[in-house]
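Here is what each chain is made of, one letter per residue.
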Amino acid sequence: MSGEAILPGDIARRVIDPHAYAEWDGLLDTFDAIRATTPVVKVQPDTPGLFDPFWLVTSYDDVMRISKDNAAFLNNPRPVVFSFNETIRFSRAATGSNILVDSLVVFDAPVHPKYRKLTQEWFMPRNLARLEDELRALAAQTVDRMLAGGTDEVDFVKEVSGPYPLRVVMQILGVPPSDEFRMQMLTQQLFGGQDKDLSGSGLDKMTPEQVVQTVAGAVKTFEDYFAGIAEDRRRNPTDDVASVIANALVDGQPLPPRDMAGYYIIVATAGHDTTSASTAGAMQALAGDPAQYARVRADRSLLPGIVEEAIRWTSPVQHFMRTAAEDCELGGQQVKAGDWLMINYVAANHDPAQFPDPRRFDAARSPNRHLAFGAGAHQCLGLHLARLEMKILFEAILDRVAAVEPAGEAKRASSTFVGGLKTLPLKVTPA
Ligand code: HEM
């Protein structure tokens, strides 16, 4: 007998069901109940073979410990995001690997630090300061466009929090606005949208063979597209991150084409839906609290606290997976070498042992050492950029919008991985 704590089937289904993630309070209730009794617990499929069993980790301390111990908890070789076995088979058929795209998130040491080092400096605040004027111009354009469309009911996600971070990321990767839509569609084909309103890929209606072809085609198109950008940046380097990746050397050699494409793809995909979700969450919190909106309008020093709390409160990257490299004890459970673990950032960032009254949006929360950006060797590479672009956008909004209030029901996306609001109807009063 193993004596393992096993999550009952009906609750286990909620943990892997994208629709459960659209019902935020219900989801938080589920994680609270699990964490209170079994902060580390085994999740098994009802149908054998549907997915590999994994340990669900919901407490802040355990998620922090796993994230920081990159030797004991590996990103490779299993998928870093929860995947059904069918998806893994598709990936293997399409790309010859369990993993669709080779990128920072799937490498461990000694490869990971070498790749990470290539762009680490570029993403530091000192370098990002150069982007501020460009970001301000983009934020101003975005707010102009929102106000030009009439202010009685604005869908903040469609008008502002969706397009702005997408353009920022495309800009640093050298993708012109004319190709932005194509890049977005390719991303959806690659990762398959779980929410039918957001997925333009049609993957849900395809046969497995068609899915394989579509996914393989998307990987190839991405590779070719970024090979073109890389070639251009090798001939005419600029100060964007696309040039850094194009001209990078690892052990004296340029990146192999698949790794180079993977680098571009991880920056392209990690950088926008995440920041969109936190931006929309910040606006939702402010719209629900007019006094707080007025306070931050009058005192901009409150803005960094709002941005940080929004990132915790929304936790847009909802989980990552790790594989144990060795046997260990975790949350009273015996984890074996080779076991798969889900580190759940939503649950960790709502752990009352770390965050008093965790569901409250508290812009003055201190300390606020949340895990929304992860921790350890893989901690979000773009965290300073995310904070900067959100701050600059909100400065533009606070300058131009006197008041904001909800104008309908905000809806969340159905997604187990990156999640957040897909609509946020607001009434905005221009300043
Ligand atoms: C609010 C916005 C964002 C959130 C919540 C977020 C969250 C995360 C999380 C949780 C991880 C994994 C951390 C870990 O495994 O410990 C990650 C990794 C990463 N993020 Fe972000 N992210 C955001 C914005 C961005 C932006 C703007 C960029 C770049 C433009 C970016 C690029 C990356 C990259 C490249 C990685 C992989 C790092 C590695 O494995 O070494 N992210 N992010």
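The sections below set out a description of the structure shown in this document. Note that the structure is predicted; figures quoted are calculated from it, not measured. (Residues numbered from 1 in each chain as written. Predicted model: local features only at pLDDT ≥ 70, side-chain atom pairs only at ≥ 80, totals over all residues.)

1. Notes on the overall build of the protein
Of the regular secondary structure elements, the protein holds 18 helices and 14 strands. A globule of 431 residues ought to have a C-alpha radius of gyration of about 22 Å, and the protein, at 21 Å, matches this closely. Looking at the 431 residues of the protein, the share that counts as buried comes to 43%. For the protein, the proportion of contacts with a sequence separation of at least 24, taken over those separated by at least 6, is 74%. (Helix = DSSP H or I, 4+ residues; strand = E, 2+ residues; numbered from the N terminus. Rg over C-alpha atoms; globule rule 2.2 N^0.38 Å. Buried ≥ 20, exposed ≤ 12 C-beta atoms within 10 Å, placed from the backbone. Contact = placed C-beta atoms within 7 Å.)

2. Description of the sheet that holds strand β3 (residues 73-74)
Across the sheet, five strands lie side by side as β1-β2-β10-β7-β3; this open sheet has mixed pairing. Lying at the two open borders of the sheet, with one neighbouring strand each, are β1 (40-43) and β3. Taken together, the three bridges between strand β2 (residues 54-57) and strand β10 (residues 340-344) define a ladder with parallel strand orientation. Bridged to valine 57 within β10 is isoleucine 343. (Pairing = 2+ DSSP bridges.)

3. Section: the site of the ligand
Around the ligand there are 29 residues in total, and Gly271, Gly374, His378, Cys380 and Gly382 lie nearest to it. Elements with a minimum of two residues in the shell around the ligand: α13 (257-270), α14 (273-287) and α18 (383-400). Taken together, the residues of the shell around the ligand break down into 18 nonpolar, ten polar and one charged. (Near = placed C-beta within 6 Å. Nonpolar A, V, L, I, M, F, W, Y, C, P; charged D, E, K, R; others polar.)

4. Looking at the pairing of strand β14 (residues 425-430)
As paired strands, strand β4 (residues 154-155) and β14 are joined by two bridges and run antiparallel to one another. Note that in β14 the partner of aspartate 155 across the bridge is proline 425. Where strand β11 (residues 401-406) and β14 come together, five bridges link them in antiparallel fashion. The residue bridging alanine 403 from the neighbouring strand is threonine 429, located in β14.

5. Quick look at unusual backbone geometry
Look at the link from asparagine 76 to proline 77: it is a cis peptide, with omega at 0°. Position of proline 77 among the secondary structure elements: in the loop between β3 and α4 (85-95). Going from alanine 109 to proline 110, the amide bond is cis rather than trans, its omega being 5°. Mapped onto the elements, proline 110 comes out in the loop between α4 and α5 (111-120). Here the phi dihedral of serine 315 falls at roughly 35°; this positive angle occurs in a residue that is not glycine. With respect to the helices, strands and loops of the structure, serine 315 is situated in the loop between α16 (303-314) and β7 (319-324).

6. Concerning the pairing of β10
In terms of residue burial, β10 counts as a mostly covered element, since four of its five residues are buried. As judged from the five bridges shared by β7 and β10, these two strands associate in the antiparallel manner. Bridged to histidine 319 within β10 is asparagine 344.

7. Overview of the sheet that holds β4
Spatially, the three strands line up as an open sheet ordered β4-β14-β11, and their pairing is antiparallel. Each edge of the sheet is formed by a strand with only one pairing partner; in this case those strands are β4 and β11.

8. Focus: the environment of alanine 298
Within the secondary structure, alanine 298 sits in helix α15 (residues 290-298). Exposure remark for alanine 298: the 9 C-beta atoms within 10 Å place this residue in the exposed category. For the pair alanine 298 and arginine 14, spaced 284 residues apart in sequence, the C-alpha to C-alpha distance is 42 Å.

9. Some points on the packing of helix α7 (residues 132-148) against α18
It is at 9 Å that the axes of α7 and α18 come closest, and there the two elements cross at 45°. By the angle between their directions, the pair α7 and α18 is classed as oblique. Note that α7 runs across α18; the crossing there is right-handed. Contacts from Glu132, Leu135, Arg136, Ala139, Ala140, Val143 and Leu147 in α7 reach Leu388, Glu389, Ile392, Leu393, Ala396, Ile397 and Arg400 in α18. In terms of residue class, the contact of α7 with α18 is built from ten nonpolar, no polar and four charged. (Axes fitted to C-alpha atoms, helices over the stretch in contact; angles between N-to-C directions. Parallel < 35°, antiparallel > 145°, perpendicular 65-115°, else oblique. Left-handed = near helix turned anticlockwise from the far one by under 90°.)

10. A few points about α16
With twelve residues, α16 extends 16 Å between its outermost C-alpha atoms, agreeing within 8% with the 16 Å of an ideal straight helix rising 1.5 Å per residue. Counted residue by residue, α16 has nine buried out of twelve residues, so it is predominantly covered. Listing the buried residues of α16 in full gives Ile306, Val307, Glu308, Glu309, Ala310, Ile311, Arg312, Trp313 and Thr314. Against the buried residues of α16 lie α14, α15 and α18. The first or second residue beyond α16 is serine 315, which carries a positive phi of 35°. (Expected span 1.5 Å × (residues − 1).)

11. With respect to the packing of α16 against α18
Packing of α16 against α18 brings their axes to within 10 Å, and their N-to-C directions diverge by 125°. When the axes of α16 and α18 are compared, the pair comes out oblique. Crossing of α16 over α18 shows right-handed handedness. In this structure, α16 contributes Leu303, Pro304 and Val307 to the contact, and α18 contributes Arg387, Met390, Lys391 and Phe394. When the residues that make up the contact of α16 with α18 are grouped by side-chain class, the tally is five nonpolar, no polar and two charged.

Remember, this is a structural readout, not a statement about activity or role.
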